Amino acid sequence: MIPESLFTPQTNDWKLSLSRAFRRQADLLEYCELDVNGTTHGSETDFPVRVTRYYASLIEKGNAKDPLLLQVLADKREQQSVPGYSLDAVGDMAAMKAPGLIHKYHSRVLLTVTGACPIHCRYCFRRHFPYSDSSPDLQLHSEVMSYLSSHREINEVILSGGDPLMLSDQKLSSLIRQLNQLSHIRYLRIHSRLLSVLPERINPELVAVFSRFRGKVIFVTHINHPQELSGVNAQSLQLLSAQGFQLFNQSVLLKEVNDSAAVLAELSYRLFDYQIIPYYLHKLDKVQGAAHFDLPDERLCAIYRELCARLPGYLTPKFVNELSGRTSKTPVQCF
Ligand SMILES: *Cc1c(COP(=O)(O)O)cnc(C)c1O
Ligand code: SF4
């Protein structure tokens with residue numbers, strides 16, 4: 001599913017960093033100074049362990065419960081089949097209108113431009129997504145272009161994946177050139193986790209590529225825990241905000257990772273320090289292999305209500321659920 005060629009060392013620094021990512025559970029554990037033979041660790045069959053050195057450097061050594069480690073460590077419980085957890089939890093397959101183009105909501109479409117990710121988040125709702133059949137290649141697939149041209153109600157294209165920033169500058173440029181031909185596409189949104197995973201990817205060249213988009217650029221980061229913000233990614237963030245891109249963050253509420261109002265409130269404040277507005281707090285998608293990150297609804301709502309009480313409205317993310325067949329994200333009813 002993940003094209004191997006994307007991980008071979010190239011001349012750019014970020015590609016070199018990418019090639020040095022951990023790809024084996026044992027190597028990651030050893031680096032984190034944890035027992036490699038621990039019995040709770042899972043096998044890595046269909047969704048291999050992958051994490052960059054940068055992200056791993058933010059993990060506290062010797063702490064088996066580190067909230068960043070838990071997001072990337074394969075766990076035995078992933079192999080259990082839990083009722084109510086499916087392969088396509090959010091109904092993306094039904095909403096795919098052209099290869100890689102998901103049109104669920106009226107004014108915006110999501111383009112899964114690549115299946116590659118430099119980190120494998122164990123709770124990922126796309127862990128079973130058949131990317132090889134659904135990633136438009138270099139040139140935007142003519143089917144995607146004709147769908148976009150004939151749907152004038154679409155004013156926003158969201159680049160997603162995988163991680164869209166795994167594409168080369170050249171591929172992204174070509175994509176933007178094509179989108180620039182469609183006058184009704186006024187917003188370009190990038191959903192990327194690389195800010196906390198491979199911050200060197202967000203360099204002046206990349207920013208220059210996006211600034212060639214004719215309309216407004218929105219950058220949505222994916223950060224779940226305040227520990228994922230450090231001095232290093234602050235520089236990347238400054239590049240984005242200096243360019244006038246609008247910055248938002250989305251998180252997923254995950255058991256043992258960030259299931260506390262204090263942690264989530266701290267995350268909001270830290271994001272705000274970097275000009276990022278907390279946008280969504282997602283309820284875990286019920287995808288097979290991720291059930292051990294879930295919490296009972298009452299507990300989730302108790303955390304969210306406390307979060308609302310702690311934060312000003314402008315730093316409170318919307319707590320939402322992605323449900324098949326809906327016309328927007330669904331607010332989780334906690335009040
Ligand atoms: C989440 C999502 C969007 C974006 O929704 P917003 O509410 O605009 O952030 C668009 N398309 C799909 C398929 C999505 O899952
Ligand atoms: S970065 Fe996003 S798409 Fe990639 S594994 Fe993590 S959650 Fe999934």
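Residues numbered from 1 in each chain as written. Chains lettered and ligands numbered in written order. Predicted model: local features only at pLDDT ≥ 70, side-chain atom pairs only at ≥ 80, totals over all residues. Heavy atoms only, no water.

Participant: Describe the domain arrangement of the protein chain, listing the residues and the values that go with them.
Facilitator: By convention, interface size is frequently given as the accessible area that disappears when the constituent parts associate. The domain architecture assigned to the protein chain consists of domain 1 (14-79) and domain 2 (93-331). Here the C-alpha centroids of domain 1 and domain 2 sit 23 Å apart. Contacts between the two partners involve 28 residues from domain 1, matched on the other side by 35 residues from domain 2. Summed over the three residues of domain 1 that lose the most area to domain 2, namely Trp-14, Phe-47 and Gln-71, the buried surface amounts to 30% of that side. The interface formed by domain 1 and domain 2 includes two salt bridges. Its salt-bridge partner being Glu-256, residue Lys-65 comes within 3.8 Å of it at the nearest N-O pair. The interface formed by domain 1 and domain 2 includes 15 residue pairs in polar contact (both at pLDDT 80 or more). (Domains from an automatic or database assignment. Contact = heavy atoms within 4.5 Å. Buried area = accessible area lost by both parts, 1.4 Å probe. Salt bridge = Lys/Arg side-chain N within 4 Å of Asp/Glu carboxyl O. Polar contact = N/O pair within 3.5 Å; in protein donor to acceptor, adjacent residues only side chain to side chain.)

Participant: Just give me the short version of the pattern of salt bridges, but keep the residues and values in it.
Facilitator: Evaluated as defined, the whole model comprises 13 salt bridges. Note that Lys-283 is salt-bridged to Asp-297, the shortest N-O span being 3.2 Å. Remark: Asp-297 occurs in helix α10 (residues 297-310) and Lys-283 occurs in the loop between β8 (277-282) and α10; sequence separation between them is 14 residues. The buried category is assigned to Lys-283, whose relative accessible area is 10%. Here Glu-322 makes a salt bridge to Lys-329, at a shortest N to O gap of 2.6 Å. Accessibility assignment for this pair places Glu-322 and Lys-329 in one class, buried. If you follow the salt bridges from partner to partner, you end up with Asp-92, Lys-104, Glu-322 and Lys-329 in one network. (Helix = DSSP H or I, 4+ residues; strand = E, 2+ residues; numbered from the N terminus. Buried < 20%, exposed > 50% of the residue type's maximum accessible area, 1.4 Å probe, protein only.)

Participant: Explain the state of the cysteines to me, using residue names and the numbers behind them.
Facilitator: One pass over the structure, following the stated rule, counts one disulfide. The partner cysteine of Cys-301 in its disulfide is Cys-334, sulfur to sulfur 2.2 Å. Its S-S torsion of approximately -70° makes the covalent link between Cys-301 and Cys-334 left-handed. A residue pair is termed long-range when its members are at least 10 positions apart, and Cys-301 in helix α10 and Cys-334 in the segment after β10 (330-331) qualify at 33 residues. Like Cys-301, the residue Cys-334 is buried in the burial classification. No disulfide involves Cys-308; its sulfur sits 7.8 Å from that of Cys-334, the nearest cysteine. Given a relative accessible area of 23%, Cys-308 falls into the partly exposed group. (Disulfide = S-S within 2.5 Å.)

Participant: Pulling in residues and values, what's your account of the packing of aromatic side chains?
Facilitator: The tally for this structure, following the rule as stated, stands at six aromatic pairs. A centroid spacing of 5.2 Å and a plane angle of 35° characterise the contact between Phe-248 and Tyr-279, whose relative ring orientation is tilted. Of the two residues, Phe-248 is situated in strand β7 (residues 246-252) and Tyr-279 in strand β8; the sequence distance between them amounts to 31 residues. Three or more aromatic residues joined by ring pairs form one cluster here, namely Phe-248, Tyr-279 and Tyr-280. Of note, Arg-201 hangs over the ring of Trp-14, and the distance from its end group to the ring centre comes to 4.0 Å. Seen from the ring of Phe-213, Arg-214 lies directly overhead, with NZ or CZ sitting 6.0 Å from the centre. (Phe/Tyr/Trp six-rings, centres within 6.5 Å; stacked < 30°, edge-to-face > 60°. Lys NZ or Arg CZ within 6 Å of the ring centre and 35° of its normal.)

Participant: So, the packing of helix α9 (residues 261-273) against α10: which residues are in play, and what are the values?
Facilitator: How two helices pack is summed up by the angle between their axes together with the distance between the axes. At a minimum axis distance of 9 Å, the contact between α9 and α10 shows a crossing angle of 45°. On the basis of the axis angle, α9 is oblique to α10. The handedness of the crossing between α9 and α10 is right-handed. Of the residues in α10, those in contact with Ala-261, Ala-262, Leu-264, Ala-265 and Tyr-269 of α9 are Ile-303, Glu-306, Leu-307 and Arg-310. Residues that form the contact of α9 with α10 fall into these classes: seven nonpolar, no polar and two charged. (Axes fitted to C-alpha atoms, helices over the stretch in contact; angles between N-to-C directions. Parallel < 35°, antiparallel > 145°, perpendicular 65-115°, else oblique. Left-handed = near helix turned anticlockwise from the far one by under 90°. Nonpolar A, V, L, I, M, F, W, Y, C, P; charged D, E, K, R; others polar.)

Participant: Let's hear about the nonpolar core: which residues, and what values?
Facilitator: Leu-28, Leu-111, Leu-148, Leu-159, Leu-165, Leu-179 and Phe-210 are the most contacted members of the largest nonpolar core, which totals 78 residues. Domain assignment of the residues forming this core places at least three in each of domain 1 (14-79) and domain 2 (93-331). Setting aside chain neighbours within four positions, we find Leu-148 in contact with Leu-101, Val-109, Ile-154, Val-157, Leu-179, Leu-182 and His-184. Counting residues in hydrophobic clusters, the runner-up holds 16 residues, among them Leu-300, Cys-301, Leu-307 and Leu-311. (Core = buried A, V, L, I, M, F, W, Y, C linked by side-chain atoms within 4.5 Å.)

Participant: Please provide a residue-by-residue account of the site of ligand 1, values included.
Facilitator: In the vicinity of ligand 1, the residues found are Ile-102, Lys-104, Tyr-105, Arg-108, Leu-110, Ile-158, Arg-189, Tyr-279, Tyr-280, Glu-322 and Lys-329. Between ligand 1 and Arg-189 there is a distance of 2.8 Å, counted from an oxygen atom to a side-chain nitrogen or oxygen. Within the side chain of Tyr-280, a nitrogen or oxygen atom sits 2.6 Å from an oxygen atom of ligand 1. Protein chains shield 93% of the accessible area of ligand 1, which is 390 Å² for the free molecule. Of all the secondary structure elements, the ones that give two or more residues to the shell around ligand 1 are β2 (101-105), β3 (108-112) and β8. Among the elements that take part in the shell around ligand 1, β2 stands out by supplying three residues, more than any other. Grouping the constituent residues of the shell around ligand 1 by class yields six nonpolar, no polar and five charged. (Near = heavy atom within 4 Å. Areas by Shrake-Rupley, 256 points an atom, 1.4 Å probe, with all protein chains shown as cover.)

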